Amino acid sequence: MIRLDGVTVRKGDTLILDSVSLELTERRIGIIGPNGSGKSTFARLLNGLEKPTTGTVHVDGAPTDRVSALGKVGFVFQNPDNQIVMPLVDEDLAFGLRKSGLSKSEIGERVQRHLERFDLTHLNERRTHELSGGEKQLIALIGVLVMEPAIIVLDEPTTLLDLRNRRILVSLLDRLDQTLIVVSHDLELMAPMDRLIWIDEGRIRGDGNAGDIVRGYREATAAEPC
Amino acid sequence: MLTSDYVPGDSVVHRARPLIKVGLLFLVCTWLFVREGWLSLAAAGLVLVAFFAIARIPPKIVVAAIRPALWVLGLVFVAQLFLADWRFAGFVVLRFAVMILAASLLTLTTRTSDLVEAIERALGRILPARSAEAISLALSLCMRFIPRVRDIFEEVKNAQRARGLGTSWRALVTPTIVRALKSADEIARAIVARSPDGPHVR
Amino acid sequence: MTNDTTRDIVLIALFAAIMAVLGVFPPITLPLIGVPITAQSLGVMLAGGILGARRGALSMVLFLVLVAVGLPLLSGGRGGFAVFLGPSGGFLVGWIVAAFVVGLTIERLWPRLGHVNAFIACVFGGIIVLYAIGIPWIAFAAEISIAQAFVGSMPFVPGDLIKAVIASAVIVTVARSYPVITSP
């Protein structure tokens, strides 16, 4: 469970998030909001990539600057090109485990197990820069899954994908047991969520079941002057 | 672009430990300057020819290894003709050729990955684990970045062309570098996010 | 490793990669004197001028290590240990010091950084210091006098001056839009 208490984030003079307090307990949570609403910052707070200016973020009772909290939250970046660190696929998938205390062969086995689970063993020894955009997004996600986090935060996971790859990613996400927190504009992706949180100008403008929030968000977006 | 000129093989020269080869290379080159003379040069040359034969490097590859240096060696030869005589000019140029070929032998008979691993292991012994790890990360990251920077450069070039802008060096290099820096900062954050057991915490 | 060290490692690796990419461009040959100009010495000035002295010099070390282990990353596809043992090996090793000096000069000038200042930094570190290392090396290795090595190296200067102009323009623009060096 993630808890935010009075979280405010400021960058220079700009207020990005304004005293947000929330408890996130559902298994599928969506975060929506227009560009620049603060939703990306919100996502980065959850695994300590971003630090609150004031207020606190706790994961299962531990603050996010503690190792015990960070190991529980995996983060998938919007652009997989910026998340893939190593030249070869298997090296990259093993990257997060390099200091896990597992032996080389245990790491190798775990990487293989995850590739097999999603039918991607054929990518094993490929060069990461030669992968297609969709394959890169999947590898970025699996690189997080091998860490076996309890919670996965995804920042706009579908924006750079074509329809086919989007479908593959969505079906893969459906199969995950982890708690998912997805930041996206993709209302179709958000529709099946257990809970949606709508962030606008650094504040929570809506919080509830997906149907209501999507409707409210659509109406508000349509009503805005162009 | 990212493959070296490694010639596969199973000879003694191939199997020798990479750092021993580097050490020998260093010794031979130092020797050629300390013991300056035709005798030591001829000895080094003979040993080198023997090693090339043992490693079964095709002559064509030997020629290709020395070719890029030929025009510089030509210049040196001409300079020495004016300075000294043709014999000394020949000596200086041959000494360069022997050193360059000796170094090429190292490259031709050693896999890049083996050499990198040997360097990492040697550094791990003399440096604290943390620094050795940082160096090994930097090496991998660089290999990862080379195709990425090339892609960014191509994208910038195409965008400039589409906008009808001329392709001056400055107009290409600046946006490429700014985009590469942004990407690098995001990758630094990803490394932190993907290393839950350390980097965050001081 | 702190977050700052991680970022330093990433930036060092990035500029080593930029050097490699600059090596792909075919050398331009100056019409009158017939000397090849490569884009790579531009990368030396950029690494120092954008990353600063320490990280700039380390990115050169990293690049040269990759060259030394056999990757053909120098312009014209050259690589391997042999390149350091040729007459111009001093210029390659000199890249480390050159990037450091360009970076140090830019760091000192940071609050007043402009095109003229940046150009001076690039010429000082990327040409004067670099040649001060490369020329004695040629003289020693090829057993010629320093004066002869100096004369032999002069044809490269016009090309390097052009690169200093480009590098200083890039350094100033990057310093304004995405500064990496923080003022002292």
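Residues numbered from 1 in each chain as written. Chains lettered and ligands numbered in written order. Predicted model: local features only at pLDDT ≥ 70, side-chain atom pairs only at ≥ 80, totals over all residues. Heavy atoms only, no water.

Chemist: Could you clarify how one ought to interpret the domain arrangement of chain B in this entry?
Modeler: Size of an interface: often given as the accessible area lost when the parts come together. One can read the domain layout of chain B as domain 1 (12-110) and domain 2 (128-200). Taking only C-alpha atoms into account, the centre of domain 1 of chain B sits 37 Å from that of domain 2 of chain B. (Domains from an automatic or database assignment.)

Chemist: In this structure, what is going on with the packing of aromatic side chains? I would like to understand it.
Modeler: Note on aromatic pairs: each is described by the distance of the centres and the angle between the planes. A complete count under the given rule lists seven aromatic pairs over all chains for this structure. Measuring from centroid to centroid gives 6.3 Å for Phe 63 of chain C and Trp 95 of chain C, while their planes differ by 35 degrees, and the two rings are tilted. Taken together, the residues span a long stretch of sequence, with Phe 63 of chain C in helix H3 (residues 53-68) and Trp 95 of chain C in helix H5 (residues 89-109) at a distance of 32 residues. Judged on exposure class, the residue Phe 63 of chain C and its partner Trp 95 of chain C are both buried. Taken together, the ring pairs connect Trp 38, Phe 88 and Phe 91 of chain B into an aromatic cluster. Over the ring of Phe 95 of chain A we find Arg 98 of chain A; its NZ or CZ atom is 4.0 Å from the centre of that ring. The positively charged end of Arg 95 of chain B is found above the aromatic ring belonging to Phe 33 of chain B, 4.0 Å away from the centroid. (Phe/Tyr/Trp six-rings, centres within 6.5 Å; stacked < 30°, edge-to-face > 60°. Helix = DSSP H or I, 4+ residues; strand = E, 2+ residues; numbered from the N terminus. Buried < 20%, exposed > 50% of the residue type's maximum accessible area, 1.4 Å probe, protein only. Lys NZ or Arg CZ within 6 Å of the ring centre and 35° of its normal.)

Chemist: Could you clarify how one ought to interpret helix H6 (residues 163-174) of chain A in this entry?
Modeler: In an α-helix, one turn spans 3.6 residues, which is why side chains three or four residues apart end up on the same side. All names here are of chain A. Spanning twelve residues, H6 covers 16 Å between terminal C-alpha atoms, matching the ideal 16 Å at 1.5 Å per step. Taken together, the buried positions of H6 are occupied by Asn 165, Arg 166, Leu 169, Leu 172 and Leu 173. Seen end-on, H6 carries its buried residues on one side only, within an arc spanning 125 degrees. Exposed residues lying more than 90 degrees from the buried face of H6 are Leu 163, Arg 164, Arg 167 and Asp 174. (Expected span 1.5 Å × (residues − 1). Arc of directions from axis to C-beta.)

Chemist: Any chance you could explain the side chain of Ser 153 of chain C here in plain terms?
Modeler: Residues and elements named next belong to chain C. With respect to the helices and strands, Ser 153 occurs in helix H7 (residues 146-153). A polar contact of 2.8 Å, which involves the side chain of Ser 153, links it to the backbone oxygen of Ala 149. Leaving out residues up to four positions away in the same chain, Ser 153 has contacts with Phe 91, Tyr 131, Ile 135 and Ile 138. (Polar contact = N/O pair within 3.5 Å; in protein donor to acceptor, adjacent residues only side chain to side chain. Contact = heavy atoms within 4.5 Å.)

Chemist: Teacher, can you tell me more about the pattern of salt bridges here?
Modeler: Overall, the coordinates contain 29 salt bridges over all chains when judged by the stated rule. The salt bridge involving Glu 26 of chain A is made with Arg 195 of chain A; its shortest N-O contact spans 3.1 Å. Here Glu 26 of chain A, found in the loop between strand S2 (14-24) and strand S3 (28-32), pairs with Arg 195 of chain A, found in strand S9 (residues 195-200); they are 169 residues apart in sequence, far enough to count as distant. With a relative accessible area of 24%, Glu 26 of chain A lands in the partly exposed category. For Arg 195 of chain A, a relative accessible area of 10% puts it in the buried group. We note a salt bridge from Asp 8 of chain C to Arg 55 of chain C, for which the minimum N-O separation is 3.0 Å. Taken together, the positions of Asp 8 of chain C in helix H1 (residues 3-22) and Arg 55 of chain C in helix H3 put the pair 47 residues apart, joining distant regions of the chain. (Salt bridge = Lys/Arg side-chain N within 4 Å of Asp/Glu carboxyl O.)

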